[in-house]
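Residue-level structural notes
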Amino acid sequence: MGIDIQGVYKSYRNGDQITEVLQDVTLQVKDGEFLAMIGPSGSGKSTLMNIIGCLDRPTKGNYYLAGEDTGKLNDRKLAAIRNRHIGFVFQSFNLLPQYTALENVELAGLYSNDSPKAVRERAKQALIALSMEDRMKYRPSQLSGGQKQRVAIARAIINSPSMILADEPTGSLDSKTGREVLDIFRQLNQEGKTIMIVTHDLGIAHEAKRIVNINDGVVREA
Ligand code: ADP
Ligand code: ADP
């Protein structure tokens, strides 16, 4: 199943001006792949990831996620397929500062139909899997960058997504911590999850099993 992007274009309109961001992008990613997307700033990486993550829609072309034609889904169904299949990880962690690590992970689990108690248990298990059992009660400001990213990855996996999309997940970390975070993605990939990371760090990209380049909105296999 995985993802299947066919002839996707994306443009933005600001008044009279139209910016073409993605141009005729075709990309298939099978379940269980570990893919890195590299390209300079402004090349369209975030735009493509937003489409893959069902946060945004193509202007033209087709996107199939897990066999579903996303263009045929309304926003509510698109959100449902996103919550079921995809976990997100960001460069700046995007944790809520007023909540503890455990609460940040739990909040992402509340979309499910499980009881709050069951969600808390899943959140604990996710944090334990990320070796964060000693830091569950800490707030983000009390955690290091690497620890914050572990909490964010725990949040990304709480609903057992098949795919993780990570936009510059090591971009705010020193290189040693970045490599540790990469090891976590590698382990999740070995457990069967599809991993897609956006990076402009070639060293990080070469750790992936497959690299695609994006330049001025055009995607090419590396
Ligand atoms: P990258 O992630 O590779 O840095 P982006 O996908 O963020 O690139 O942006 C690609 C291009 O699209 C940039 O020129 C950016 O300014 C433009 N862009 C992105 N989002 C919008 C938007 N919402 N409205 C207008 N232009 C946008
Ligand atoms: P990043 O570098 O982390 O990808 P950006 O600064 O490129 O972040 O973009 C941050 C947000 O602003 C994104 O959601 C992007 O879609 C939006 N954006 C980027 N460029 C523009 C633009 N020219 N006009 C409007 N929105 C934009």
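Residues numbered from 1 in each chain as written. Chains lettered and ligands numbered in written order. Predicted model: local features only at pLDDT ≥ 70, side-chain atom pairs only at ≥ 80, totals over all residues. Heavy atoms only, no water.

A few words on the UniProt feature "domain: ABC transporter" (unreviewed entry) in the protein. When the UniProt feature table is mapped onto this chain, "domain: ABC transporter" (unreviewed entry) is found at residues 3-222. In the segment residues 3-222, helix accounts for 34% and strand for 29%; the C-alpha atoms at its two ends are 18 Å apart. (UniProt positions renumbered as here; feature names shortened; annotations may be inferred. Helix = DSSP H or I, 4+ residues; strand = E, 2+ residues; numbered from the N terminus.)

Its 14 residues place the ends of helix H4 (residues 116-129) 20 Å apart at the C-alpha level, agreeing with the 20 Å of an ideal helix rising 1.5 Å per residue. Where H4 is concerned, the buried positions are Val 119, Ala 123, Ala 126 and Leu 127. Seen along its axis, H4 keeps its buried residues to an arc of 95°; they face one direction. Pointing more than 90 degrees away from the buried face of H4 are the exposed residues Lys 117 and Ala 129. Buried residues along H4 sit in contact with helix H3 (101-109) and helix H5 (145-157). Ser 131 sits one or two positions beyond H4 and adopts a positive phi of about 60°. (Expected span 1.5 Å × (residues − 1). Buried < 20%, exposed > 50% of the residue type's maximum accessible area, 1.4 Å probe, protein only. Arc of directions from axis to C-beta. Contact = heavy atoms within 4.5 Å.)

Scanning the model with the defined rule gives ten salt bridges in all. Between Lys 10 and Asp 56 there is a salt bridge; the shortest N-O distance is 3.1 Å. Of this pair, Lys 10 sits in strand S1 (residues 3-14) while Asp 56 sits in the loop between helix H1 (45-52) and strand S4 (60-65), placing them 46 residues apart in sequence. Given the relative accessible area of 9%, Lys 10 is considered buried. For Asp 56, a relative accessible area of 23% translates into the label partly exposed. For Lys 72, the salt bridge is made with Asp 69, and the minimal N-O distance between the two is 3.4 Å. Under the relative-accessibility criterion, Lys 72 is labelled exposed at 70%. For Asp 69, a relative accessible area of 15% translates into the label buried. It is possible to trace a salt-bridge network through shared partners that takes in Glu 33, Arg 210 and Glu 221. (Salt bridge = Lys/Arg side-chain N within 4 Å of Asp/Glu carboxyl O.)

Think of an α-helix as 3.6 residues a turn; residues three or four steps apart then line up on the same face. The first and last C-alpha atoms of H5 sit 19 Å apart over 13 residues, in line with the 18 Å expected at 1.5 Å per residue. With ten of 13 residues buried, H5 is to be regarded as a mostly interior element. Within H5 the residues assigned to the buried category are Gly 146, Gln 149, Arg 150, Val 151, Ala 152, Ile 153, Ala 154, Arg 155, Ala 156 and Ile 157. Buried residues belonging to H5 abut strand S6 (86-90), H3, H4, strand S7 (163-167) and helix H6 (175-190).

Note that S1 and strand S2 (residues 17-29) share nine bridges and pair antiparallel. Bridged to Ile 5 within S2 is Leu 27. Between S1 and the antiparallel strand that follows it, S2, lie two residues; Gly 15 among them carries a positive phi value of about 60°. (Pairing = 2+ DSSP bridges.)

The volume enclosed by the largest pocket comes to roughly 450 Å³. Secondary-structure elements contributing two or more residues to the lining of the largest pocket are helix H2 (75-85), S6, H3 and H5. Counting residues per element, the lining of the largest pocket draws most heavily on S6, at four residues. Partitioned by chemical class, the residues of the lining of the largest pocket number twelve nonpolar, five polar and two charged. Computed from the structure, the second largest pocket encloses a volume of approximately 150 Å³. In terms of lining residues, the second largest pocket is bounded by Ala 80, Asn 83, Arg 84, Tyr 111, Ser 112, Asn 113, Arg 122 and Asn 159. (1 Å grid on protein atoms, 1.4 Å probe; cavity = no way out; pocket = protein on both sides within 12 Å on 5 of 7 lines; lining within 4 Å. Points joined across faces, edges and corners; volume = space filled by probe spheres on them. Nonpolar A, V, L, I, M, F, W, Y, C, P; charged D, E, K, R; others polar.)

Next up on the list: the site of ligand 1. Taken together, the neighbourhood of ligand 1 is formed by Tyr 12, Asn 14, Val 21, Pro 40, Ser 41, Gly 42, Ser 43, Gly 44, Lys 45, Ser 46 and Thr 47. At 2.7 Å, a side-chain N or O of Ser 46 approaches an oxygen atom of ligand 1. Within the contact set of ligand 1, an oxygen atom lies 2.6 Å away from a side-chain nitrogen or oxygen of Thr 47. Contact with the protein chains removes 61% of the 560 Å² of surface that ligand 1 exposes when unbound. Every element with two or more residues in the shell around ligand 1 is listed here: S1 and H1. In terms of residues, the shell around ligand 1 owes the most to one element, H1, which gives three residues. Residues belonging to the shell around ligand 1 are distributed by class as follows: three nonpolar, seven polar and one charged. (Near = heavy atom within 4 Å. Polar contact = N/O pair within 3.5 Å; in protein donor to acceptor, adjacent residues only side chain to side chain. Areas by Shrake-Rupley, 256 points an atom, 1.4 Å probe, with all protein chains shown as cover.)

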